[in-house]
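The chain contents come next:
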Amino acid sequence: MPDRSCSKLLRALLPLLAATGCDGCPSSKPYTPYTLGSATPAGSPPPLSGAAPGAADARPEADAGAEDAAAPPRFAVVQSVPAPAGGKQWPLEGGAVVAAPTGRTFETGLLLDVDGDGARDLVAWARSPDGLRGELLLAPAARPKALRTLTALPGDLAAQGCTPRVGLSQIGPSALALDFAPQCGDQQRAASAGATRWIAVIRLPGAGEGAPPELALELRLRAPPPEEALSAALEVADRDADGRDDLVVTVGLSGALRPFSAPGPKGAAAELRAPLVFLDRPAGLSRDAAQPGATLRDLAASLLRDARGKSTAPSVAAAAQRLRRLHAALCADAAGGDGASAGRDAARAGEALVWTGAGPVRCGEPGLAASIDSAEAVAASTRGAPLAAVAALDRGGAEPRAKEEAKLLAKLAPPATPTAVYRTAAAPQPAAPGAFGPLAFEASGALLVRTAQGVVRVDPAASTESATDVPPWPAAVHAGPAQLVAVERRCDASTLLALFRSSPDAVGEMEVPLPLLRAQGPRARAGSPARCAGTERLPFSPLAASASGFDIALGAALVSIDLRAAAPTSSALSFPLTTPAPQGAPRSPDGATLAVPAAGGLLVATAGGAARLWSGGDLAQATACAPANGGARVACVVGAAAVIFEAK
C-alpha cells in the first residue's frame, strides 16, 4: 500500500487513540501501554514483554514537552522475573518461603505490596508439567502459606501440541496483566481451535480499600491465518475523570491474507488499530459501546476521502480489504452473524478473533461494510475502472442500496431495458454452471448454437437456422491438462477458493485462494445468508483459458488464476481483457465486450464504451449469455431456446 494513503489512515486513527488519555481532564496523562504482540506471519514467537509508546505520544515534540512539565510521571511497566531454579519454592523478603502447590511449579512472578502492609507479596504463575494448565497465585508476605488463586487458565484453552509462553506485568498502579500465548506451528494451529491467546487483567485494591485482588477482565485473541498477525496493547488511563483507572485495549492487525498484497515495510499504517475501552465502575469494568465503532467509522471515512483523489485512489482497494479484516477480527456482528457460537465453533475463519469474558464484541455498525464497499467503488470510478466499481457496489447482494450508491451505480452502468428480437427453434445443449456456454456470436453477427446434434448457425436478419460444419466447442474449462472445477465459499477459509484438477486422472482437487474475501462473492441462490453455513459452490463465468491458467468472473469481479508456478496464484483482473475470447464465454468475438450477471441484472460492458445494466423481461430467467461485437445484442439461454436481445 502506498505510504501516502497509509499515512491518511493512520492520521484518522491517531486522534481516537490519543483520546485514550482522560477525556476532559487535560492535566492527566495515560500510562505507557503494555504491548502484547502475536505470532508474526513467519510464525516466530511473539514478544511477551516490554512497553511500547502509545498513540498519545504521536504529537509534536514542543507540545509534548509543555505537557510533560505539568503532567504526573508515567507509570513504568514492571515486568515479572523468572522463578528461582526448580520453581518449587519462592523466597520472600525477611526469610519466608512460598512453596508451589502439589503438581505445580512456579514459572514467573512479581514481588509487590498488594495488601498495603508495607511488605512485598508474591503474585506468580504456577503451571503444570506440560505448561498447558496453571493458575495465577497470590501469597501474602504475612501468610506465605495462605496461597490464593486469582485466576486459572480456562480448560478449553489447553492447546495440545503447542508450547505456551507466559508473561506477567504490572501495567498500572492497580492493574496486573497475565498473558498466556500458545506458540503453535501452522499444522498444530490449524488442527487445534484451542490455540487461543488468553489475557487476564487483575485489579489490585487501592490504598485503604481492604478488598482482595480480583479478576477484572478476560480477553481471548484467537490466532489469525498464518499470513496475518494480531496484537494488543493494554493501557491504563482515567478516561472519564472519575478518579478511577480505566482500561484501553488497542487491537492491531497486520499482514495480508494470500493472495492480497501486504503493505510495504515503509507503510505508516502497516498495522491497522482500533481500541476496546473498558470503564471502571463500582460493579466492575464496563465496555464503552462507542468503541471500536467510532474508530472503524473514521477509518472508513478516511478511505472515502482517499477514494476521491487521483493519486490516492489506486491504494484504496488494498486498504479496504485490510479494514474489512480488522472489522471482522473485532466485531462478531461484522458479517451479519449473531455471534452466538462459542468455544470450538468460534474458531471458524471469518468470525471475530477477539472475545471478552462476557462473550464476543458487538460493534453495532451495520452500515460499515457498505461504507467500505462504497469507498472502494468510488476509488475504482476515480481511476477509470467501472467494472471494479460495480463489483464493489454489488457485494451487498439483494439488500436495498443507499441513495448515493444507487446513484453511483446508475452513473457507472445506466439501466437498459432489453427486447427479445429472435427466439431459436434449435435447443441449446444444457451446460453445467461454470462451464463454457452453448452460445457464441460470430463477427458477422450470426449466432452459433451448440446443440446435442451439432452446431447451428442462426441468422436473425433472415430468420434462418442451418446446420454447420463448425466443430462443437468443449463445455469443460481446461488450461492445458488442468480443469477448473468450481469456486467455493467455505467456513474454514477466509477467502473464496477456486478448485481445479491438475489432470483428468488426478485424484482429488487442488485449491487456489482468490482475491475476494469469503463474503464478497455472489450468492449461489437468492436469500443465501451472509453468515457462513457449510460449503457453498458459487456461480462464476469462465472468460478465458490457456496453458498459463484461467480468467473468470464472479459477478463483475474479474479474477486471473495463474497455474505456471509450483504454488498457483490469483489476482484481480482489469478490463478490457487481453486474452482471446473462446467460444461459449460471455465475451464478444473480438473479446472487447463482456456480459456477466451482476447488480441484479446483466452487466454489458464494452472497452472504450459505457457499461449498461440490462434488466427486465425474459432476461430474469436467462443463463449462459454471450454478447455480439459492440454489445448492441446479447444472446442467452431462456428455457429450451436461445433468445437474442437488444437493449433500448
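Keep in mind that what you see is a predicted model, and the values were worked out from it rather than measured. (Residues numbered from 1 in each chain as written. Predicted model: local features only at pLDDT ≥ 70, side-chain atom pairs only at ≥ 80, totals over all residues. Heavy atoms only, no water.)

Visitor: I'd love a proper account of the environment of Thr 464, names of residues and values included.
Guide: Within the fold, Thr 464 resides in strand S25 (residues 464–467). You can call Thr 464 partly exposed: its relative accessible area is 39%. Sequence separation between Thr 464 and Ala 425 is 39 residues, and the spatial gap between their C-alpha atoms is 9.7 Å. Those residues in contact with Thr 464, other than ones at most four positions away along the chain, are Tyr 422, Arg 457, Val 458 and Asp 459. (Helix = DSSP H or I, 4+ residues; strand = E, 2+ residues; numbered from the N terminus. Buried < 20%, exposed > 50% of the residue type's maximum accessible area, 1.4 Å probe, protein only. Contact = heavy atoms within 4.5 Å.)

Visitor: Please set out the sheet that holds strand S38 (residues 623–627) residue by residue, giving values where relevant.
Guide: The strand order S21-S40-S39-S38 describes an open sheet built from four strands, whose pairing is antiparallel. Looking at strand neighbours, the two that pair on one side only are strand S21 (418–423) and S38, the edges of this open sheet. Each neighbouring strand pair of the sheet contributes to a mean axis angle of 30°, computed without reference to strand direction. Here three bridges tie S38 to strand S39 (residues 633–638), and the two strands are oriented antiparallel to one another. Looking at the pairing, Thr 623 lines up with Val 637 of S39. (Pairing = 2+ DSSP bridges. Axes fitted to C-alpha atoms, helices over the stretch in contact; angles between N-to-C directions.)

Visitor: Can you explain helix H7 (residues 386–393)? Please cite residues and give values.
Guide: Burial runs high along H7: six of the eight residues are buried. Every buried residue of H7 is accounted for by Leu 387, Ala 389, Val 390, Ala 391, Ala 392 and Leu 393. Taken together, the buried residues of H7 touch helix H6 (368–382), helix H8 (403–412), strand S33 (557–562), strand S35 (593–598) and strand S36 (601–606).

Visitor: Mind laying out the environment of Cys 331, listing which residues take part and the relevant values?
Guide: By secondary structure assignment, the location of Cys 331 is in the loop between helix H5 (316–330) and strand S18 (354–356). What makes Cys 331 buried here is its relative accessible area of 2%. When the C-alpha positions of Cys 331 and Glu 365 are compared, they lie 9.0 Å apart, and in sequence the two are 34 residues distant. Not counting the four nearest positions on each side in its chain, Cys 331 is found in contact with Pro 292, Leu 296, Ala 352, Val 361 and Cys 363.

Visitor: So what about the pattern of salt bridges? Which residues, and what values?
Guide: Per the stated rule, a full pass over the model turns up 26 salt bridges. With its nearest N and O atoms 2.7 Å apart, the salt bridge here joins Glu 93 to Arg 120. Of this pair, Glu 93 sits in the loop between strand S4 (89–91) and strand S5 (97–99) while Arg 120 sits in the loop between strand S6 (105–112) and strand S7 (121–127), and the two are 27 residues apart along the sequence. For Arg 120, a relative accessible area of 38% corresponds to the partly exposed category. The partner of Arg 104 in a salt bridge is Glu 135, with the nearest N and O atoms 3.0 Å apart. Highlighted residues: Arg 104 in the loop between S5 and S6 and Glu 135 in strand S8 (residues 134–139), separated in sequence by 31 residues. Classification of Glu 135 as buried rests on a relative accessible area of 17%. Within the structure, one salt-bridge network assembled from shared partners comprises Glu 488, Arg 490, Asp 492, Arg 501, Glu 509, Glu 511 and Arg 537. (Salt bridge = Lys/Arg side-chain N within 4 Å of Asp/Glu carboxyl O.)

Visitor: Quick rundown of the state of the cysteines? Include the residues and the values.
Guide: Note on terminology: disulfide describes a covalent bond linking the sulfur atoms of two cysteines. Taken as a whole and assessed by the stated rule, the structure comprises two disulfides. One disulfide bridge connects Cys 331 with Cys 363, the sulfur atoms lying 1.9 Å from each other. Across the S-S bond linking Cys 331 and Cys 363, the dihedral sits near -85°, which makes this disulfide left-handed. Residue Cys 331 is located in the loop between H5 and S18, and its partner Cys 363 is located in the loop between strand S19 (359–360) and H6; the two are separated by 32 residues in the primary sequence. (Disulfide = S-S within 2.5 Å.)

Visitor: How would you explain the nonpolar core if you had to name every residue and give the values?
Guide: Within the largest apolar cluster, 97 residues are counted, with the highest numbers of intra-cluster contacts made by Val 249, Ile 552, Ile 561 and Leu 603. With sequence-adjacent residues up to four places away left out, Ile 561 is seen in contact with Leu 484, Ala 498, Val 512, Leu 514, Ser 548, Gly 549, Phe 550, Ile 552, Thr 569 and Ser 570. Ranked by size, the runner-up nonpolar core spans 19 residues in total, among them Leu 110, Val 114, Leu 168 and Leu 204. (Core = buried A, V, L, I, M, F, W, Y, C linked by side-chain atoms within 4.5 Å.)

Visitor: Run through the side chain of Asp 179, naming residues and quoting values.
Guide: Following the sequence through the fold, Asp 179 ends up in strand S11 (residues 175–183). Within the structure, the side chain of Asp 179 is placed 2.7 Å from the side chain of Arg 197, a separation counted as a polar contact. (Polar contact = N/O pair within 3.5 Å; in protein donor to acceptor, adjacent residues only side chain to side chain.)

Visitor: So what's going on with the confidence of the model for the protein chain? Residues and values would help.
Guide: Should the pLDDT be low somewhere, the predicted coordinates at that spot are not to be read in detail. For the protein chain, mean pLDDT is 83; residues scoring 70 or higher make up 80% of the total. This model gives residues 37–69 a pLDDT under 50, and the stretch forms 65 contacts once residues within four places in sequence are excluded. Note that residues 190–194 has pLDDT below 50 and, in this model, eight contacts with residues that lie over four places away or in other chains. (pLDDT = per-residue confidence, 0-100.)

Visitor: Quick one: what's the story with the packing of aromatic side chains, residue by residue and with numbers?
Guide: What the rule picks out here adds up to two aromatic pairs. Their ring planes at 80° and their centres at 6.0 Å tell us that Trp 90 and Phe 106 sit as a pair that is edge-to-face. With Trp 90 in strand S4 and Phe 106 in strand S6, this pair connects stretches of sequence that are 16 residues apart. Here the two residues Trp 90 and Phe 106 agree in accessibility, since each one is buried. Between the aromatic rings of Trp 125 and Phe 180, the centroid separation amounts to 6.2 Å while the plane-to-plane angle is 55°, which identifies the pairing as tilted. (Phe/Tyr/Trp six-rings, centres within 6.5 Å; stacked < 30°, edge-to-face > 60°.)

Visitor: Describe unusual backbone geometry, listing the residues and the values that go with them.
Guide: Cis peptide bonds are those with omega within 30 degrees of zero, and the linkage from Gln 291 to Pro 292 qualifies with 10°. With respect to the helices and strands, the residue Pro 292 is situated in the loop between strand S17 (284–287) and helix H4 (293–307). In this structure, the amide linkage connecting Phe 575 to the following residue, Pro 576, adopts the cis form with an omega of 5°. Structurally, the position occupied by Pro 576 is in the loop between strand S34 (569–572) and S35. Phi at Ala 241 takes a positive value of approximately 55°, unusual for a residue other than glycine. By the element assignment, Ala 241 lies in the loop between strand S14 (228–237) and strand S15 (246–255). A relative accessible area of 45% places Ala 241 in the partly exposed class.

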